[in-house]
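Okay, here's what each chain looks like letter by letter:
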Amino acid sequence: MTAKATSHQFQAETKQVLDIVVNSLYKDKEIFVRELISNASDALEKLRRKQLTEKEVFDENLELEINVSTDDSSKQITIQDFGIGMSQEELIENLGTIAHSGSKEFMEALKGDGEKNEALIGKFGVGFYSVFMVAEKVQVFTRSWKKDGTGFCWESDGGGDYSIEEAEGQRRGAKIVIQLKEDFSEFAKEDRIKDIIKKYSAFVQFPVSLNGEKVNTVDAIWMRSKKEISDEEYEEFYKFQANEYEGPLMRMHFSADAPLEINSLLFVPKRNMEKMGMFRNENKVALHCRKVLIDAEPKGLFPEWLRFLKGVVDSSDLPLNVSRETMQDSDLLRKLNQVLTKRFLRFLNEQSKKEEDTYIEFWNEFGMLIKEGAATDFTYKEDLAKLLKFESTALDAGKLTGLDDYVDRMAGDQEEILFLFGKSRESIESGPYLEALQARGWEVLLLTEPVDEYVMQTVREYKEKKIISADSEELKLEKLDQEKEGETLGKKEIKSLCDWLKKTLEDKVSEVETGERLIDSPVCIVGSDGMGGASARRIMKMMQGPEGALPAPAVKLQINPGNSIIRGLSELKDKEEQTANLVAHQLLDNALASANLLDDPREMIARSYQTLEKITSG
Ligand code: ADP
């Protein structure tokens, strides 16, 4: 180190990541070549954009290319680009720290299995550090694009620290000089590196040369005809473009001439990282115009809820030298957004029919985003509703159905699409609501995720059929022709019991009535669409989280006069009012629990002890 060099410590998290990357992460050491070439390509791309907007760029006339050279005898490999380069601050910021704010979460996530780790590493942008798997020492010679800058050399052995010193006579961009570890000297061999570049960097949009000889052909795969492209080519392109380690789950390659000229190649990844609760997906669909990149991550090209998409959109209708900012709120972008979104939703719908298994895989990973769209984006409501999948009483547990199939199966006398929400399929099935519907042969969708109910409330209708919760008051049930035989209370007794229950349960119930909903169970709550309604309340609870305290709403209680407990209660209330009181409250709590409305079971538990005491003390 010279006198001018300064020494720096890696940020603590960076150090940890470095250790993980170096010691365990990648099985394939060769991947560092792809990481560095991909960084070089990004740097060139950024420079190209600068040239569009900045008057002065250092080393103006340098070619936008990547030069790789190997030196077998000194066990070195060098990767040089004439891209945007880095200032001293940028060196510290970019190579000394992990920019991602969620680095702690990243560390947590990394404790997972190896395969997941590999997928994670690309997402968090720790690509550069992969070089330390094979390097004894790495030097980054760099000079920023800014006219009045200086050149620097960053150096590290991948231990705890690195140094930065000024370096005279640098060209614009970055030159990474890698001194290989003894074990990895193979990477200083020209043939080996040539193979790697061919394999990984076929899609780099800038020329790459190795020891002076050009190795890649710049290929815009999305402009070619589908028939000419093999699955492997698509997969390699995806891995390159999305910086992914595994192939995609689905791809859509589509071209159109009207209303806009579009060539697009879109991919759905295999995994939804957002599902792991770590960070938001970012839309990585690059926008090109006749093969020239306009924006690598344009905002507004797709709706938010399609943020998992990767790939390329190319439209010759785009102006070439428009700034990102003006692009972002242009009519053209909005139009592209509309056409592409419509087309992609149609594609998903086709997939759900033709490739059901793949679609279900998609649904399990990304269904939450489709639901987000259905609940928030009115424009595509019908198309999105078509894509929703739920369990249903008509299917075995674990199987899913969509609204189209549901509507096809609907019984002749059924008017609404019905759903019920519960913690699990079993809990819905054991509740009181299904019996009346099943007796009529009506199918019910079984919703088990808190957000599902909200989604259904916003979608509201499908194919002119209302979508309602089966505990809603809106559901009108006619009397069944074949009433269940057996004893039942008379009109007068019913009236007196209902009045008594209303009086006893006071403000906990707004109304007590009989109806057609119950066949075996003694009681249930009937919701209404008002704010006190069961499903509206569940949604409020969901939004407030478990801590949110809501005043107990007055609910409407329906009783089954044919049920033996109800019949018993009708007599008990006149003989032993105190016991009858216990029974009434217990019945209400049971009904609330079945409707997922019992917030706090303490009172119920205390009461059931009272009851038990009564029984055991004879
Ligand atoms: P990622 O590329 O995913 O952001 P890396 O660890 O590979 O993560 O790189 C970190 C940062 O270092 C990059 O975001 C970029 O700002 C900077 N960088 C890396 N290589 C170069 C290069 N060749 N030229 C200019 N900047 C670079």
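Just so it is clear, the structure is predicted and the values come from calculations on it, not from any experiment.

Across its full length, the chain carries 20 helices and 22 strands. Counting across all 618 residues of the chain, residues that qualify as buried make up 52%. Put simply, 72% of the contacts in the chain that link residues at least 6 apart link residues at least 24 apart. A total of about 29,700 Å² of accessible surface is found on the chain, and carbon and sulfur atoms cover 47% of it.

With that out of the way, let us pick up the packing of aromatic side chains. The relative placement of two aromatic rings is captured by the distance of their centres and the angle of their planes. Here the structure, examined in full by the defined rule, presents 19 aromatic pairs. Both rings, one in Trp305 and one in Tyr380, keep their centres 5.8 Å apart while their planes meet at 70 degrees; by these two values the pair is edge-to-face. Separated by 75 residues along the polypeptide, Trp305 in the loop between strand S13 (292–295) and strand S14 (310–315) and Tyr380 in the loop between helix H10 (356–376) and helix H11 (381–387) bring together distant segments of the chain. On the basis of relative accessible area, Tyr380 is assigned to the buried category, the value being 7%. Among the aromatic side chains, those forming a connected cluster through ring pairs are Phe10, Phe128, Tyr129, Phe132, Trp154 and Tyr162. One cation-aromatic arrangement involves Lys175 over Phe141; the distance from NZ or CZ to the ring centre is 5.5 Å.

Judged by how many residues are buried, strand S10 (residues 250–256) sits mostly within the fold: five of seven residues are covered. Bridge analysis of S10 against strand S11 (residues 262–268) gives seven bridges, and the strand direction is antiparallel. Bridged to Met252 within S11 is Leu266. Following S10, the chain reverses through five residues before pairing antiparallel with S11.

To continue, consider unusual backbone geometry. Cis geometry marks the peptide bond from Ala258 to Pro259, where omega comes out at 0 degrees. As for its placement among the helices and strands, Pro259 is situated in the loop between S10 and S11. Phi at Asp59 takes a positive value of approximately 55 degrees, unusual for a residue other than glycine. Among the structural elements, Asp59 can be located in the loop between helix H2 (31–53) and strand S2 (66–71).

At a minimum axis separation of 9 Å, H2 and helix H6 (residues 190–200) run at an interaxial angle of 60 degrees. For the element pair H2 / H6, the angle class is oblique. At the point where H2 passes H6, the crossing takes the right-handed sense. In this structure, H2 uses Ile31, Val33, Arg34 and Ile37 to contact H6, whose residues at the interface are Ile193, Ile196, Ile197 and Tyr200.

What holds strands together in a sheet is hydrogen bonding between their backbones, with the strands either parallel or antiparallel. Taken together, five strands build an open sheet; the order of strands is S15-S17-S16-S19-S18 and the sheet is mixed. Strands at the two margins of the open sheet, each flanked by one partner only, are strand S15 (391–392) and strand S18 (461–462). Looking at chain direction, strand S16 (residues 417–421) and strand S17 (residues 445–447) are connected through three bridges and run parallel. Of the residues in S17, the one forming a bridge with Phe421 is Leu447.

It is a general feature of regular strands that their side chains alternate between the two faces of the sheet. Pairing geometry for strand S1 (residues 6–9) and strand S6 (residues 161–166), over four bridges, is antiparallel. Paired with Ser7 across the strands is Ser163, a residue of S6. Linking two consecutive strands that pair antiparallel, namely strand S5 (residues 151–156) and S6, is a turn of four residues; a positive phi of about 80 degrees is found at Gly158 within it.

Another point: the pattern of salt bridges. Applying the stated criterion across every chain, the model contains 36 salt bridges. Two residues, Arg224 and Glu228, come together in a salt bridge whose shortest N-O distance is 3.8 Å. Among the salt bridges present, the one from Arg271 reaches Glu246, with a minimum N-O distance of 2.7 Å. Residue Arg271 is located in the loop between S11 and strand S12 (284–289), and its partner Glu246 is located in the loop between helix H7 (231–242) and S10; the two are separated by 25 residues in the primary sequence. Among the charged side chains, a salt-bridge network with shared partners connects Glu274, Glu304, Arg307 and Glu372.

Taken together, the side chains of Glu355, Glu356, Asp357, Glu361, Asp405 and Asp408 define an acidic patch exposed on the protein surface. At the level of secondary structure, the elements contributing two or more residues to the negative patch comprise H10 and helix H12 (403–409). Ranked by residue count, the leading element in the negative patch is H10, at three residues. Note that Asp408 resides in helix H12. With relative accessibility at 62%, the residue Asp408 sits in the exposed group.

Where H10 meets helix H15 (residues 450–459), the axes come as close as 8 Å, and the angle between the chain directions of the two elements is 35 degrees. Crossing of H10 against H15: the hand is left-handed. Residues Lys371, Ala374 and Ala375 of H10 lie in contact with H15, whose contacting residues are Val451, Asp452, Tyr454, Val455, Thr458 and Val459. Residue classes in the contact of H10 with H15 are distributed as six nonpolar, one polar and two charged.

Next up on the list: the sheet that holds strand S20 (residues 509–514). Pairing is mixed across the open sheet formed by three strands, whose spatial order is S20-S22-S21. Edge positions in the sheet fall to S20 and strand S21 (523–526), since each has one partner strand and no second. This sheet shows a mean twist of 30 degrees between the axes of neighbouring strands, independent of strand direction. Sheet strands in contact with helix H19 (residues 577–594) are S20, S21 and strand S22 (555–559), and its direction is about 55 degrees off that of S21.

Another aspect to go through is the nonpolar core. In this structure, Val313, Leu336, Phe344, Leu348, Phe362 and Leu557 are the most contacted members of the largest nonpolar core, which totals 98 residues. In contact with Val313, other than residues within four places in its own chain, are Ile262, Asn263, Ser264, Leu266, Val285, Ala286, Leu287, His288, Leu301, Phe302, Leu336 and Leu340. Counting residues in hydrophobic clusters, the runner-up holds 67 residues, among them Val138, Ile193, Ile229 and Phe267.

The rules behind each value
- Residues numbered from 1 in each chain as written.
- Predicted model: local features only at pLDDT ≥ 70, side-chain atom pairs only at ≥ 80, totals over all residues.
- Heavy atoms only, no water.
- Helix = DSSP H or I, 4+ residues; strand = E, 2+ residues; numbered from the N terminus.
- Buried < 20%, exposed > 50% of the residue type's maximum accessible area, 1.4 Å probe, protein only.
- Contact = heavy atoms within 4.5 Å.
- Areas by Shrake-Rupley, 256 points an atom, 1.4 Å probe, with all protein chains shown as cover.
- Phe/Tyr/Trp six-rings, centres within 6.5 Å; stacked < 30°, edge-to-face > 60°.
- Lys NZ or Arg CZ within 6 Å of the ring centre and 35° of its normal.
- Pairing = 2+ DSSP bridges.
- Axes fitted to C-alpha atoms, helices over the stretch in contact; angles between N-to-C directions.
- Parallel < 35°, antiparallel > 145°, perpendicular 65-115°, else oblique.
- Left-handed = near helix turned anticlockwise from the far one by under 90°.
- Salt bridge = Lys/Arg side-chain N within 4 Å of Asp/Glu carboxyl O.
- Patch = residues over 30% accessible without salt bridge, like charges linked within 9 Å, V, L, I, M, F, W, Y side chains within 5 Å.
- Lys, Arg positive; Asp, Glu negative; His and termini not counted.
- Charge placed at Lys NZ, Arg CZ, Asp CG, Glu CD.
- Nonpolar A, V, L, I, M, F, W, Y, C, P; charged D, E, K, R; others polar.
- Core = buried A, V, L, I, M, F, W, Y, C linked by side-chain atoms within 4.5 Å.

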